[in-house]
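# Structural description and commentary
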Amino acid sequence: MTVSVLDWGLARASRALAASADRVRGACLSTLIFHRVPPQRDTLFPNEVDGARFDHMMALVARSFCVLPLEEAAERLACDTLPPRALCITFDDGYADNHEVALPILRRHGLHATFFIASGFIDGGRMFNDTVIECIRRCTLDAVDLSGLGLGREEIIQPAQRRALIDRLLPLAKYKTLAGREEFLSDLHTACGSPALPQDLMMTRNQVQALHRVGMGIGAHTVNHPILATLSDADARAQIDGSRMQLQHWLQAPVTTFAYPNGRPGKDYLEPHASLVRELGFKAAVSTSPGVARHGDDLHQLCRFTPWQAQARPWLVALVAQRLRS
């Protein structure tokens, strides 16, 4: 994309502020977290990042920060040798648009990213949250009877009603056991009139391999994206290690980084899970706890932070401000 004079000035100021914060408070690592990057704006989720917005963000990031591969950043964090303005880019889950939309943008700006893959959804699977979203999006009824799911009769005539219902349903599905989640989704699908659901939202293994071939990082993100805190120790180990083993088989290369599903420490995963990730030999793992990482922080519970601002310029300002606050 063409970078405006205003963007050049903002990137220059952000670069200077980030470097100044590092001099005053010590070097730190910002880690961005993304999920989907659809090619066009999603009318149900208008504030989510689409291709054009992501391109603008990455243009500013490339001019404001020193972007490192996550594994290298973790090693340098441990050795206290981070460069000024250090930043990593990460994606969770394994969406096909990461390969189709985000990858060309990253390569155009000369940026590296790590993609955390929930291996059980590759080659035609679908994340639980997308089943919820697409059931409501594609439902042709004016109202749905969700009494079997603990709700009532919900009108979905207006887009705002559909979005509000999605926001109510997602937490209900998220914290169920894997078996309970599947039953919930099946009941929701039936209540919505059994609409046809997309089968191509997630990457194929060929796309995962293509990311690896061009030098992007591939990390594990469990097999089925459960909330680890809801699992037995044996099931948690199977989910974490199973994801890594499958990815290593596809890539014929080590997988050394991990992202906790949902990622809130003390709620979505617990200290024993961080110990397990360490025991299994992962070099670094990331949470969704907001903030920046500094020398001495736990490499297996690294913070990540992506501002919520809808426009790229205030988004960059918020990102730099986080480094100044932390």
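I will try to describe carefully the structure that is included in this document. Each chain carries its own residue numbering, running from 1 in the written order of its sequence. Only residues with pLDDT of at least 70 get local features here, since the model is predicted, and only at 80 or more are side-chain atom pairs given and counted; chain-wide, interface and lining totals rely on the full set of residues. The basis for every side-chain value is the complete set of heavy atoms in the structure, and neither hydrogens nor water enter the calculation.

### Concerning the packing of helix H2 (residues 51-64) against helix H11 (residues 312-325)
What counts as an axis is a line fitted to C-alpha atoms, over the stretch in contact for a helix, and the angles between N-to-C directions run from 0 to 180 degrees. Numbering goes from the N terminus for both helices and strands, where a helix is a DSSP run of H or I of at least four residues and a strand is a run of E of at least two. Between H2 and H11, the shortest axis-to-axis distance is 9 Å and the interhelical angle comes to 40°. Relative to H11, H2 is oriented oblique. Like other packed secondary-structure pairs, H2 and H11 cross with a definite hand, here right-handed. Residue-level inspection shows His56, Met57, Met58, Leu60, Val61 and Ser64 of H2 in contact with H11, the latter providing Ala312, Arg313, Trp315 and Leu316. Taken together, the residues that form the contact of H2 with H11 break down as seven nonpolar, two polar and one charged. Angle categories: roughly parallel below 35 degrees, roughly antiparallel above 145, roughly perpendicular from 65 to 115, and oblique for all the rest. Throughout, a crossing is termed right-handed when the near helix is turned clockwise from the far one, and left-handed when it is turned anticlockwise from it by less than a right angle. The contact rule is simple, with two residues in contact once any of their heavy atoms fall within 4.5 Å. Residues are sorted three ways: Asp, Glu, Lys and Arg are charged, Ala, Val, Leu, Ile, Met, Phe, Trp, Tyr, Cys and Pro are nonpolar, and all the rest, Gly among them, are polar.

### A few points about the nonpolar core
Throughout this description, the term nonpolar core refers to a set of buried Ala, Val, Leu, Ile, Met, Phe, Trp, Tyr and Cys residues connected via side-chain atoms within 4.5 Å. For the exposure calls, accessible area comes from a 1.4 Å probe over protein chains only, and a residue counts as buried if that area is under 20% of its type's maximum, exposed if over 50%, partly exposed in between. Phe34, Phe54, Met58, Ile89, Phe91 and Leu106 are the most contacted members of the largest nonpolar core, which has 57 residues in total. Among all residues touching Leu106, those that are not within four sequence positions of it are Phe54, Met58, Ile89, Phe91, Leu111, Ala113, Phe115 and Met216. Counting 23 residues, the second-largest nonpolar core is a separate cluster that includes Cys135, Cys139, Ile156 and Ala173.

### Some remarks on the pairing of strand S7 (residues 217-220)
Two faces belong to every sheet, and in a regular strand the side chains alternate between them. Burial along S7 is two-sided: Gly217 and Gly219 facing one way and Ile218 and Ala220 facing the other are all buried. By the convention used here, strands pair only if DSSP detects at least 2 bridges between them. As judged from the four bridges shared by strand S4 (residues 114-117) and S7, these two strands associate in the parallel manner. In the sheet register, Phe116 faces S7, and the bridge partner there is Gly219.

### Let's talk about the side chain of Thr114
Positionally, Thr114 belongs in strand S4. Thr114 sits in the buried class, given a relative accessible area of 4%. Thr114 has contacts with Leu70, Ile89, Thr90, Phe91, Gly217, Ile218, Gly219 and Thr257, leaving out every residue within four places of it along the chain.

### Notes on the pattern of salt bridges
When a carboxyl oxygen of Asp or Glu is within 4 Å of a side-chain nitrogen of Lys or Arg, the pair counts as a salt bridge. In the structure shown here, the tally under the stated rule is 15 salt bridges. We note a salt bridge from Asp55 to Arg108, for which the minimum N-O separation is 3.3 Å. Taken together, the residues Asp55 in helix H2 and Arg108 in helix H4 (residues 96-108) connect sequence positions 53 residues apart. Look at Asp55 and you get buried, because its relative accessible area is 9%. A salt bridge links Arg304 to Asp92; its shortest N-O distance comes to 2.9 Å. You can see Arg304 sitting in the loop between strand S10 (293-294) and H11 and its partner Asp92 sitting in strand S3 (residues 86-93), a full 212 residues away along the chain.

### Some details on the pairing of S4
Side-chain alternation along S4 places Thr114 and Phe116 on one buried face and Phe115 and Ile117 on a second face that is also buried. Bridge analysis of S3 against S4 gives four bridges, and the strand direction is parallel. Looking at the pairing, Thr90 lines up with Thr114 of S4. Following the chain from S3 across H4 to the adjacent parallel S4, one finds a crossover that is right-handed. A clockwise path from the first strand over the helix to the second, with the strands pointing away from the viewer, defines a right-handed crossover.

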